[in-house]
Amino acid sequence: MIKQPILAELQYFVKSVSLLYKGVPLKDTGALVKSALHLLEDLPSTRDAVFDYFTLVFNNAVKVYMLSAEKNLPDPSVDDEAVQEIHEALERLVTAGPTAWCPVISSWCLKLLGEVCKKHCRRRPPDIRGACNLWLGCSAIRYLLSLSALCFEKLDQREMDECINEMLVIYGTHTPFFDWVVARLGGCFPLRVMSSMLSMGVARFTGDFDQPSESEVEVLSYLGLAHESDLRKALKSTLEHVASYKQPIPYLLMLAKASETISQALVAVFLELHDENRLPTLTVLPKNWPANIGLPYVLHTVAGLLLKMKKHAIRVTLILAKMSTQHSWCQELLEMMFIELETLVLDKHTAALLEDIIRDGMREMLWSSCTSDVPYLQQVAVRLILLASFKSNSVFHQTIVYLLSVSEPALAASTKPHLNALVRVLGGPHGTVDVPKVKPAFETAFEKILISPCKRVECWNILHNLVELLKLERTAILGSTLRKVNCTGMMHELLDRVLKIWENFMSRERQDDTQGGGCTVRATQEVQENANEPGKRVKNERPEPMETDEQHRLGTGNRTVTYKDLIHETVRLIECMDLGKSVTIGTAQTLKLSQLLVKYFFYCLKLSTAGTSVPSGTVPESLDVSLNRVYSLLSKHCGHRKAARTAALRELLEGALFMYGDLFGSQAESQAYSFDKPDDLLIRLNQKQGIALNASRATVLHAGIIGQGPKIPSKKAVGPASEMQNHLLNAIVACCQDVNDHQATIDGFSYVSLLLVEMISPDVMYNGLPWPEEDFIRVTMERDLQIQRTFRHSPILWSILGLVACYRPSLCYCSVLLRALCASALHQWRSKTAETLNGQKTDLLYMTTKLLELMALAQLLPPPLSYLHIVLEYFDGPEIAYVLKECVWNYMKDHVPSPVLFVCDPTGFHWRDPLTSRPPLQYTNPLRNTMQKKLTKVGHLYHQMFVGPELRNPSASNSGQPTQQPLVQGYIVGGGGAGDQGPKAGPSGGFAAHALGPGQEPL
């Protein structure tokens, strides 16, 4: 088509447009559009008129669209050929034409959009999203937006700034109808648009109630949702580069108050500045703020914003608490926030800040703040946790477990912030009766120890903090928070967990001693097994990291935590629990506690033998302190519960005699003799006998090895060291002694006697109290020798019996042991091999002397027989056998060692009056005659034993009829046999006496 001349085109365009303005419809609209486009390309001076025509076309298209939209009809402008041709022509002009057209076309598009939106929108759109949905349904509006965006891409830096300023000017005159255009087109350069809008807003902000406008808030929020980083940069730039005479803080706070998106971005900027240590560089001058906005109003606004924040609210709060040491307004701000927050919580409303604690994993930050040295920071963290516990009890319980797991600060300060926070948290939130229970938290802490005992530092921290907590509760005044919580009572309820933990640590300590690897060895073995079995499924694909010594070190003093430290700390916890008489515990717990206390006692003794008298753990203390703690616990535990005393005494005696005999110098039967020499052939042994034995019909039993004589022990039991002996005796006394009831003490030691008979006597028969005729000892010879060997291999028995003898009449129940020792001594003294060498004591003389000492100490032998252990060393073997038979055995046979022989005085002390219990002459004359033969050696003793008492009390020696003790029925210990009759012996049993014979008088 050949173009018409320019003048003709111009005339046609002017004539057609004039008719349009007069309201005359055109027959060929397409021809007019083409003519206008030709003029715009060929005659630039007519562009204003051409753009006016384009404006008219687009206005008509938008008008038709709005009428159809009100009737819910489809957009008719889609079929408008004029609009489409104009859009295509302008698009070609922007893309293929000179760049000078871009600012012109973009300016026309922006102005047209502003006029059209303001002219054809009869009511304000609800929001930007609604406006976008409305206007983008029109094809004409879409063409204008696409042209504007296409022009923006072709603009340089200066032209873009001019375009943005022009758009914002249009936005200022056509708001709120133009808001959606700014929001949509601002996405092409969001940082510049938002920075410009913020700068303009700060410049015109006066503090009036309508500032910032709702349009500013909506546009910035819309852009900020899609471009969060740009919004943060714009806010940060506004804070840093605005002139000091025009403070942006009030304006930004007003924006944040109106928009959650802006508030979250402002929080992110605050955190960035804090991380960069640039907060102090910001100038805050309240005097430059608007007159109607003061510091209290700003603080109240910020407090409300903190409550509504869904992210980073906890972190901002804690930063403000830290800053309170330098700025007083921070504390004022937080107090305002807490007042509003507590009001919401007590009214059972929710707050986004508390949801941040419950959901978003900010608990660790709060927990670390609870252990801070800054008092106000710790207080803020604790208050937040307590308020969050209204919504979730798990926060409350997990906080207690965390604080229990925290170690003491490395600084040598007297304050312990984690304990201060723990005490405050245990008190629960104020203002309500629905306080969460503390017991589940303690249960969780104990389960944590049971599940992961290899995490020794964490286990030690929990136990140590519980010890410190119970000590604080004990010293707290009545009515205090700790006394109301009653942590000690909860520990009593969880005693079974504590005992299980204690037992677990003891077993792991034994495993470490035997294996030497502990958890590290086991972890290594598991990793190797999993490597050898690639097809084996494991719970965690990545193996757990093996614990090293560095992981077992405490921050305090860099000390390594061992299972020994954990055991000692568990015992300290048991001590702080104060399991007194008022505490009710089950029978199973009672027996378990007794067993563990005794195991711990022997464990301490083993540590002392290993050379660790002072534990090198986290709380160094001497062995005596640990043992005194055991004595105190045993005394308190056994004094209030008979079942505890029974179990503890049994464990003590079994341990001292069998399991831990090496601690007390005992030895096993196999250790006494050496079997290194090879056995000779039997024919050689028979040849050594000769023919005399075969010729005679006599039977000879040889004790020992033929040709070598009797078996002589190659190694003797060394016996207990005085220190070890005292430790064991102190433990027995702690179990038995009751300062308030002497009879209970006698019953305890009587039970010790019964236990000794049960453990030492190999037979259940013939264990009664009476001593039989001498001929009867042939029946029990084997049993008696076995008992004697037990005493020889376990010398600690002499010490235990000596202790029992001090608490008369408890030794009476060991009558079978004394009888066995005396019978075996009689048999051996009568043999040819029994003799004394130059006055030196042999093993037999030592045993006999110890036996007589025990009987004298227990007043089973009255004077002068009680001095036998002193004069015995001056006698020969036959003389000793003679005295033992005539004086000791016959006296004990006729005077049964029974508790009825003892008189109890008003103080509860049992004793025998030596004046009324002096033995008849038939038991003392053999001793008198024997000593008279050796007056040159025992003259001083003879005077003390016989002459002196007769001079002091001549009536007793001249009495024609000597007094005699009444006989008592036999008592069975551990079972009855055919030769024993009568009731079973016991510490509190009754005693029935035989009828007195002629001439016998009762005492």
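In this numbering scheme, every chain counts its residues from 1 along its sequence in written order. Residue-level local features of this predicted model are given only where pLDDT is at least 70; pairs of side-chain atoms are given and counted only at 80 or more, and the full residue set underlies all totals for whole chains, interfaces and linings. As a convention, hydrogens and water are excluded, and side-chain values are obtained from all of the structure's heavy atoms.

Quick look at the packing of aromatic side chains now. Ring pairs shown here join Phe, Tyr and Trp side chains whose ring centres sit within 6.5 Å, with only the six-membered ring taken for Trp; geometry is labelled stacked below 30 degrees between planes, edge-to-face above 60, and tilted in between. On inspection of all chains with the given rule, the structure shows 21 aromatic pairs. Between Phe-749 and Tyr-807 the ring centres are 3.9 Å apart and the planes differ by 10°, which places this aromatic pair in the stacked class. Of the two residues, Phe-749 sits in helix 37 (residues 742-760) while Tyr-807 sits in the loop between helix 39 (796-806) and helix 40 (815-830), which places them 58 residues apart along the sequence. One aromatic cluster in this structure is built from Phe-51, Tyr-53, Phe-54, Phe-58 and Trp-108. Over the face of the ring belonging to Phe-338 we find Arg-383, whose NZ or CZ atom lies 4.0 Å from the ring centre. Lying over the aromatic face of Tyr-563, Arg-456 brings its terminal NZ or CZ to 5.1 Å of the ring centre. A run of H or I in DSSP becomes a helix once it reaches four residues, and a run of E becomes a strand once it reaches two; helices and strands are each numbered from the N terminus. Charges are assigned to positions over rings by a cutoff of 6 Å between ring centre and Lys NZ or Arg CZ, combined with an angular limit of 35 degrees from the ring normal.

Let's shift gears to helix 10 (residues 190-204). An ideal rise of 1.5 Å per residue puts 21 Å on 15 residues; helix 10 measures up with 21 Å between its terminal C-alpha atoms. Here's how the labels work: a residue is buried when its accessible area is under 20% of the maximum for its type, exposed when over 50%, partly exposed in between, all with a 1.4 Å probe on protein chains only. Among the residues making up helix 10, those that are buried are Pro-190, Val-193, Met-194, Met-197, Leu-198, Gly-201 and Val-202. Along the axis of helix 10, the buried positions cluster into a sector of 160°, meaning they face one direction only. Residue contacts are defined here by distance: any two heavy atoms, one from each residue, within 4.5 Å place the two residues in contact. Each element contacted by the buried residues of helix 10 is listed here: helix 8 (157-174), helix 9 (179-185), helix 11 (214-226), helix 12 (228-241) and helix 13 (249-258). Every helix has an expected span of 1.5 Å times one less than the residues it contains. Regarding the arc, it is the one traced by the directions from the helix axis to the C-beta atoms.

Let us now look at helix 43 (residues 877-894). With 18 residues, helix 43 should cover 26 Å at 1.5 Å per step; its first-to-last C-alpha distance of 25 Å lies within 8% of that length. Along helix 43, the sharpest kink reaches roughly 30°, centred on Leu-884. Among the 18 residues that make up helix 43, 15 are buried, leaving the element largely enclosed by the rest of the structure. One fitted axis covers the seven residues ending at a residue, a second covers the seven starting there, and the bend at that residue is the angle between these axes.

Another point: the confidence of the model for the protein. Averaged over every residue, the pLDDT of the protein is 79; the share at 70 or more is 79%. Each residue carries a pLDDT score, the predictor's confidence in it, ranging from 0 to 100. Confidence over residues 520-547 falls short of pLDDT 50; this stretch has 16 contacts with residues more than four positions distant or in other chains. Segment residues 958-1003 is flagged for pLDDT under 50; beyond a separation of four residues in sequence, or across chains, it makes 93 contacts in the model.

Here we come to the nonpolar core. By convention a nonpolar core is built from buried Ala, Val, Leu, Ile, Met, Phe, Trp, Tyr and Cys residues, the set being connected through side-chain atoms within 4.5 Å. Residues Phe-54, Phe-442, Trp-502, Ile-732, Leu-756 and Leu-927 are the most contacted members of the largest nonpolar core, which totals 292 residues. Looking at this core element by element, the count peaks at 11 residues for helix 30 (residues 587-609). Two domains each provide a minimum of three residues to this core, namely domain 1 (1-188) and domain 2 (766-951). With near-sequence residues (within four places) excluded, Phe-442 lies in contact with Ile-400, Leu-404, Leu-426, Leu-466, Leu-469, Cys-487, Met-490, Met-491 and Leu-494. Segmentation into domains, and thus their bounds, comes from an automatic or database assignment.

A separate point is a nonpolar patch on the surface. On the surface, Val-903, Phe-909 and Trp-911 cluster together into a nonpolar patch covering about 270 Å² of accessible area. If you trace the backbone, Phe-909 turns up in the loop between strand 1 (903-904) and strand 2 (910-911). Exposure above 30% relative accessible area and the lack of any salt bridge qualify a residue for a patch; like charges then connect within 9 Å, and the nonpolar side chains Val, Leu, Ile, Met, Phe, Trp and Tyr within 5 Å. In these tables, accessible area is a Shrake-Rupley quantity obtained with a 1.4 Å probe, and a residue counts as shielded only by the protein chains included in the view. In the sections that follow, a salt bridge refers to a side-chain nitrogen of Lys or Arg positioned within 4 Å of a carboxyl oxygen of Asp or Glu.

Quick look at the pattern of salt bridges now. Two side chains carrying opposite charge are able to pair once their charged atoms lie near each other. A full pass over the atoms with the stated rule returns 28 salt bridges. Note that Glu-569 and Arg-572 form a salt bridge whose closest N and O atoms lie 2.4 Å from each other. On the criterion of helical spacing, the pair formed by Glu-569 and Arg-572 is a turn pair, its members being three residues apart in helix 29 (residues 563-577). On the accessibility criterion, Arg-572 (8% relative accessible area) is buried. Across the pair Lys-934 and Glu-879 runs a salt bridge, and its minimum N-O distance is 3.7 Å. Of this pair, Lys-934 sits in the loop between helix 44 (921-932) and helix 45 (935-952) while Glu-879 is found in helix 43, placing the two residues 55 residues apart along the sequence. The class of Lys-934 is buried, set by a relative accessible area of 13%. For Glu-879, a relative accessible area of 18% puts it in the buried group. Within this structure, Arg-232, Lys-236, Glu-240, Glu-272, Glu-276 and Arg-278 form a network of salt bridges that share partners.

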